[in-house]
Amino acid sequence: MSATTWAWLVLLFPLLGSIVTAIGFRALPAKAAGVLGTLSIALSFACAVAALINLLGEPAEARHHASSLWDYASVAGLDIKLGVYVDQLSVFMAVVVTGVSALIHLYSYGYMQSDEGYCRFFSYLNFFVFSMLLVVLAGNFVLLIVGWAFVGFTSYALISFWYRRETATKAGMKAFVINVVGDIGMVLAAFLIFRELGSFDYGEVFAKAPEAFTTNEWTVTAICLLLLLGVCAKSAQLPLHTWLPDAMEGPTPVSALIHAATMVTAGVYLIARTHVLFNLAPTAADISAFIGLATLLMAATVALVVTDLKRAIAYSTMSQIGYMVVGVSIGAYGAGLFHLMTHAFFKALLFMAAGSIIAAMANEQNIDKMSGFGKAMRFTSITMLCGGLALAAFPLTSGFFSKDEILAYAGARGGMYLIFTVLGYLGAFLTAVYTFRLIFRVLPGRPCKEAQELIDTGHVAHGEPRNPATGELEDTAVVFPGPEHHIAEHSATMRVAMAVLAFGALAGGLIQIPGVDNVVADFLDPVFADSPLAAIHPSTSWSWIGLGIGGVIALAGIATAHWLYVANPEAPRRLEARFRGIHGFLLNKWYFDEAIGFLVVRPALAIGRFANRVFERFVVDGLVTGTEGTVRGAGGVVRAVQNGFVRSYALLLIAGFAGLALYFLIASS
Amino acid sequence: MINVLLWLPLAFGALGLLLPRRVAGWWAVLGAIATLGVAIGLLAGFDTGNSGLQYTVDTPWISGLGVDYSLGLDGLNVFLVLLTAVLWTGSVAFAALREQERPQLFFFLILVAETATLGSFIAQDLLLFVLFFDFMLVPFYFLFGVWGQDRTAEGGPSASRATLKMIVYTLIGSLLMLVAAIATAIISADGGHVTFSIQALQQQGIGLGSQRWIFWFFAAAFLVKMPAFLLHGWMPDAYRAAPLPALAVFSGVLAKVGAYGFLRVVLPLFPEAAVEFQEVVLIVALASILYGSVMAFTQTNLRLIAGYSSVAQLGFITAGIFALRPDGADGAVLQMVNHGLVVAPIFIIIALLAERTGSEDLREMGGLALRAPVLAALFLIVALATLAMPGSANFVGEFYILNGLFQAKIVFAFIAISGVALSAYYALRLYQRTMHNREPAGLLSREIGLRDGLVLAPLVLCILALAFYPQLILKRTAPTVQQTIAHVTGGGAPEAQLAGGGTRDWEPTLVKR
């Protein structure tokens, strides 16, 4: 079979899985949905690997294929086919997405078992993977937008999965609307592309673009900036990031899926996919890189102070995506995508570990109340440590190699781009501090009540589950996973998923060591061969110097965290008191939510109220009531005939029609 | 066959008057299904590549006045006819499942309405079109006024009063149109033989001076029918009064007759005026989009949310037509069908929700998904299609419309597209507030019944099927639409000229990376 056939199968299995689990939600026996859902993603992964093998069997230059099933909407010069585009980039993404997603499904199989919405969960989860695969495999911009929006919708559905929680439904709506704003950017970009190039098809667009545009021409810059709007919304980059922390309302496997393998990486993929356009608009590419840089620093500072375990990891995700966006924007395509892969490993792992701990804490997410889980949950804490080390870029872990590769490239590009190297290292320091803040708070120390209970009885805490945001008692009887929450310690499938990811987090970097091997970048390079930026390579010696600096910074960060949170447990509180203003500013996430509320939401609602209360009543209705009033004023005529008036009016109408018809019938004969 | 299509509903309705009340509903369902069968048969025999009229019937009716009994199908109306047949089947079945007062008369009227609506879609004679267009209103007048709900308890108008308001609005438009139709024929004949045949009138043409005022007479009638911004004053009251099964077809189909009128009558007969007033109509369309959307997300009455969202959607359709490009108009035709297919299920769902909660107010609902997961799933699909979720046929329609607008008038496209974000909010809000969160105290919801499910599910399946293959409609409508637009823009081969804007020339290079 050809690579494209495999690609269609990659898409088919998750879609089928989603439909079957959705339709069979009453008929399927318990757990069957989990098995089916996991199996479909596993099959999809197998097909993705098959496509990869297929591609590897071809010469490097010929590894790109397009295929279409049927005309989707193809008239009036808009030739839109249901088509896929398979090359190294899309296959790489497909393998990463399906691989990590399969593990997350495996984890969910155990984690969600006590949830009433088990079938619904797997149906959504499968559809999510399908949507993401559609994004990476789409062969034209329209299909890309379809996948793009599907991802947004499914994230809505999964964030508000526990739909009895008002906070969850609100967060879902927020994610959806912000994502629609991004979709609009994409749609406008597509229109502009069509206007200039007359096509939506990748192959045609990328072939024509270099001849059609001069560098930094306003049209191509506008196209890239509009695409960037989509990137910011989907990948939670400033200033459209505010939905991501709130998205933590969803079940923890969702956080792992959205924040690791899929969705948020879509923006990174998009920039890489459209690098031809971004190369023609260096200004837009620089803007994109600076947005990434700002996001990575801003999110890292917030992650330092947030006390909610999942939210802290969510901000860390934003920050790491910032690195990837910087990477693919400045031309470090292979490095950016490599970081995407390693991040998928360790971030999924961290969320899974967090999920286990939160389950053991009866849904409590505040890290100030956690301690001593190192003893209580040995497996979970070891894997969490693996993930944490990789995130903090501890020497020789996967994050160590991938992050530094981006920074080394920025250094090699030189000039202005040195800023990215310098501030990137600053971000790396913050990353190490906040990561180990979490770990030092949660794992060591005297076991808290819940951890002690786990050690003593082996049982997970049975406290009354409350919504961590509002303190409202959860609706456990019906939809909320009750006290039967699973933890990795008790569930084989969860352990398997976490063990595999832990291995990836630790050893995943070894496939791309400067001067030794270069598996990912070598495979992807032909895709970016047309880019002038692809010629830039940091020398091996500089790469190692960079790695050395990175390693020292990571160790320094971990040491700082140790000093702050273990050696001097009073120090953080003193710092908070001393820098109350800054702390408040960070704790309120730089007031982005408030700013958007003030600038967008409130004016919109005010306009709506005005339209409703004033305009509708006085202008629109006035057109009629005005005339009615005159009639009434003219005398009691209307009142007298009011009841009969309507009826006689209609009778008149009918009589008129009948008469007219009769007349014509007679006249025509 | 086209005669059968037109008169079958009326025949069934008339016979139904003689039947006992118990079977009247099911007899009407049978009639609607038979009509649907005929419509499907017509589509099956439809010649896809042909831009001209098919299945034509043309016999002189009033030879002295030049009025012909002239019917025909082409790309503009073939799917609207099918939509009419589909939605009537759904609505009549939904009504038949419920107890109606004086059922014989109710179903008679609703089938009369089907004939009138089909007539206005397939009429190819201007006066015949006007007659059917006005005649549509009569059965709805009784359906709304007699079977409707008085809102006096809520401080609203009584059903008859709301209906009267609607009649006044639409009748003014209709009268203007009647005058305009006669004027068109007479001016066009220029002392010669008077004809009302739309095709003949198109060939004869009339001067720009006359076009200007006649254009607005027709436009007024059509814009009221949709309704468009500032002419929608009748809509809130009428929508609150209407019995829901009748409202489903009213909103699903009748609103489209207005938009269809622009394509069938206004563009062919008054092309120069259409070009001249393009921007004015576009402004009205944009105002409808924005105003309808903003209103839709501040309302709490379910019917009004759906009603104002229709104002916005019809705004998109109008904007697509008046982009005066083939892609915009193709999108508009597709979107007419799409919008009908989503708005009718919404009204059916509103009826189901009202039965469960005893209210039509968003604030008194919530948490229904818990006991009614199937209903929630069906509703979710409909809601997503309403907000033109990419992947739905509604998105394709909107994409074509906005692309046409973008290439024609870029500023208008930027403004119009903000309506997309607003629609995401109001459609999802409608779904979320009814289905999610916790239910108000004392509310016990229940799952959709099997028989109601059999009404609703096929409509949802239509939405899903079109989502996979919107080309089904586009392919068949495009030739006629292209011809209509080419007539306005005066281009011989619009396809080649307009695709891609034509600002650059391409070497036919091999596409390869």
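So, a few notes on the structure that sits alongside this text. What you see is a predicted model; the values in this text were computed from it and never measured. (Residues numbered from 1 in each chain as written. Chains lettered and ligands numbered in written order. Predicted model: local features only at pLDDT ≥ 70, side-chain atom pairs only at ≥ 80, totals over all residues. Heavy atoms only, no water.)

1. Observations regarding the overall build of chain B
(1) Moving on: Broken down by element type, chain B carries 21 helices and two strands.
(2) Moving on: The globule rule puts the C-alpha radius of gyration for 513 residues at 24 Å, and the 22 Å found for chain B is close to it.
(3) Moving on: Residues counted as buried form 69% of the 513 residues belonging to chain B.
(4) Moving on: For chain B, long-range pairs separated by at least 24 residues make up 81% of all intrachain contacts whose partners lie at least 6 apart in sequence.
(5) Moving on: Put simply, chain B shows about 15800 Å² of open surface, and 63% of that area lies on carbon and sulfur atoms. (Helix = DSSP H or I, 4+ residues; strand = E, 2+ residues; numbered from the N terminus. Rg over C-alpha atoms; globule rule 2.2 N^0.38 Å. Buried < 20%, exposed > 50% of the residue type's maximum accessible area, 1.4 Å probe, protein only. Contact = heavy atoms within 4.5 Å. Areas by Shrake-Rupley, 256 points an atom, 1.4 Å probe, with all protein chains shown as cover.)

2. A closer look at the side chain of Thr318 of chain B
(1) Moving on: Position of Thr318 of chain B relative to the elements: it lies in helix α14 (residues 302-321).
(2) Moving on: Once you skip the residues sitting within four places of it in the chain, Thr318 of chain B turns out to touch Met226, Val281 and Ala285 of chain B.

3. Here we look at the interface of chain B and chain A
(1) Moving on: Chain B puts 88 residues into the contact, and the matching count from chain A is 93 residues.
(2) Moving on: Across the chain B to chain A interface the summed buried area is about 7800 Å²; carbon plus sulfur atoms make up 68%.
(3) Moving on: For the pair chain B and chain A, the interface holds zero salt bridges.
(4) Moving on: The interface formed by chain B and chain A contains twelve residue pairs in polar contact (both at pLDDT 80 or more).
(5) Moving on: Here the side of chain B that touches chain A gets twelve residues from one element, more than from any other, and that element is helix α18 (residues 410-435) of chain B.
(6) Moving on: Here the residues of the side of chain B that touches chain A are counted per class, giving 55 nonpolar, 19 polar and 14 charged. (Buried area = accessible area lost by both parts, 1.4 Å probe. Salt bridge = Lys/Arg side-chain N within 4 Å of Asp/Glu carboxyl O. Polar contact = N/O pair within 3.5 Å; in protein donor to acceptor, adjacent residues only side chain to side chain. Nonpolar A, V, L, I, M, F, W, Y, C, P; charged D, E, K, R; others polar.)

4. Thoughts on helix α15 (residues 333-360) of chain A
All names here are of chain A.
(1) Moving on: In a regular helix each residue adds 1.5 Å, so 28 residues correspond to 40 Å; α15 covers 40 Å between its end C-alpha atoms and thus fits that length.
(2) Moving on: Most of α15 is tucked away: 28 of the 28 residues are buried.
(3) Moving on: Immediately beyond the C-terminal end of α15, within one or two residues, lies Ala362, with a positive phi of roughly 55°. (Expected span 1.5 Å × (residues − 1).)

5. Some thoughts on the pattern of salt bridges
All names here are of chain A.
(1) Moving on: All told, the structure shown has 21 salt bridges over all chains when counted by the stated rule.
(2) Moving on: Note that Arg273 and Asp87 form a salt bridge whose closest N and O atoms lie 2.9 Å from each other. Here Arg273, found in helix α11 (residues 266-273), pairs with Asp87, found in the loop between β2 (78-86) and α3 (88-111); they are 186 residues apart in sequence, far enough to count as distant. Here Arg273 matches Asp87 in class, with each residue buried.
(3) Moving on: Each of Lys174, Asp246, Asp308 and Arg311 takes part in a single network of salt bridges with overlapping partners.

6. Regarding the pairing of strand β2 (residues 67-73) of chain B
Residue and element names in this part refer to chain B.
(1) Moving on: Most of β2 is tucked away, with seven of its seven residues classed as buried.
(2) Moving on: Of the two faces of β2, both are covered, the one formed by Val67, Tyr69, Leu71 and Leu73 as well as the one formed by Asp68, Ser70 and Gly72.
(3) Moving on: Examined bridge by bridge, strand β1 (residues 54-62) and β2 share six bridges and lie antiparallel to one another. Looking at β2, one finds that Thr59 is bridged to Tyr69.
(4) Moving on: Hairpin connection, β1 to β2: the antiparallel pair is bridged by four residues, and Gly66 has positive phi, about 75°. (Pairing = 2+ DSSP bridges.)

7. Focus: helix α13 (residues 282-305) of chain A
(1) Moving on: Between its terminal C-alpha atoms α13 of chain A stretches 36 Å, which fits the 34 Å expected from 24 residues at 1.5 Å a residue.
(2) Moving on: By the criterion of burial, α13 of chain A is predominantly enclosed, with 18 of the 24 residues buried.

8. Structural notes on the packing of aromatic side chains
(1) Moving on: Summed over all chains, the structure comprises 56 aromatic pairs over all chains.
(2) Moving on: Arranged with centres 6.0 Å apart and planes meeting at 90°, the rings of Trp234 of chain B and Phe250 of chain B form a pair that is edge-to-face. Of this pair, Trp234 of chain B sits in the loop between α9 (208-225) and α10 (235-241) while Phe250 of chain B is found in helix α11 (residues 244-269), placing the two residues 16 residues apart along the sequence. Of the two residues, Trp234 of chain B and Phe250 of chain B, neither departs from the other in class, the shared state being buried.
(3) Moving on: Aromatic ring contacts, followed pair by pair, group Phe129, Phe133, Phe215, Trp216, Phe218, Phe222, Phe262, Phe270, Phe277 and Phe322 of chain B into a single cluster.
(4) Moving on: When the ring centre of Phe379 of chain A is taken as origin, the NZ or CZ atom of Arg495 of chain A, which lies over that ring, is 4.7 Å away. (Phe/Tyr/Trp six-rings, centres within 6.5 Å; stacked < 30°, edge-to-face > 60°. Lys NZ or Arg CZ within 6 Å of the ring centre and 35° of its normal.)

9. Notes on the nonpolar core
(1) Moving on: Core analysis: the largest hydrophobic core is formed by 452 residues, its most contacted members being Phe373 of chain A together with Phe218 of chain B.
(2) Moving on: At 20 residues, α15 of chain A tops the list of elements feeding residues into this core.
(3) Moving on: Beyond its immediate sequence surroundings of up to four residues, Phe373 of chain A is in contact with Ile357, Ala360, Met361, Ser381, Val442, Leu443, Cys448 and Ala451 of chain A. (Core = buried A, V, L, I, M, F, W, Y, C linked by side-chain atoms within 4.5 Å.)

10. Re unusual backbone geometry
(1) Moving on: In the segment running from Leu238 of chain A into Pro239 of chain A, the intervening peptide bond is cis, with an omega of -5°.
(2) Moving on: Inspection of the secondary structure puts Pro239 of chain A in the loop between α8 (218-234) and α9 (243-246).
(3) Moving on: A cis amide bond links Met226 of chain B to the next residue, Pro227 of chain B, at an omega of -10°.
(4) Moving on: Looking at the element boundaries, Pro227 of chain B is found in the loop between α9 and α10.
(5) Moving on: Its identity as a non-glycine residue notwithstanding, Leu396 of chain A has a phi of 75°, on the positive side.
(6) Moving on: Secondary-structure assignment places Leu396 of chain A in the loop between α17 (378-391) and α18 (398-413).
(7) Moving on: The exposed category is assigned to Leu396 of chain A, whose relative accessible area is 54%.

Remember, this is a structural readout, not a statement about activity or role.
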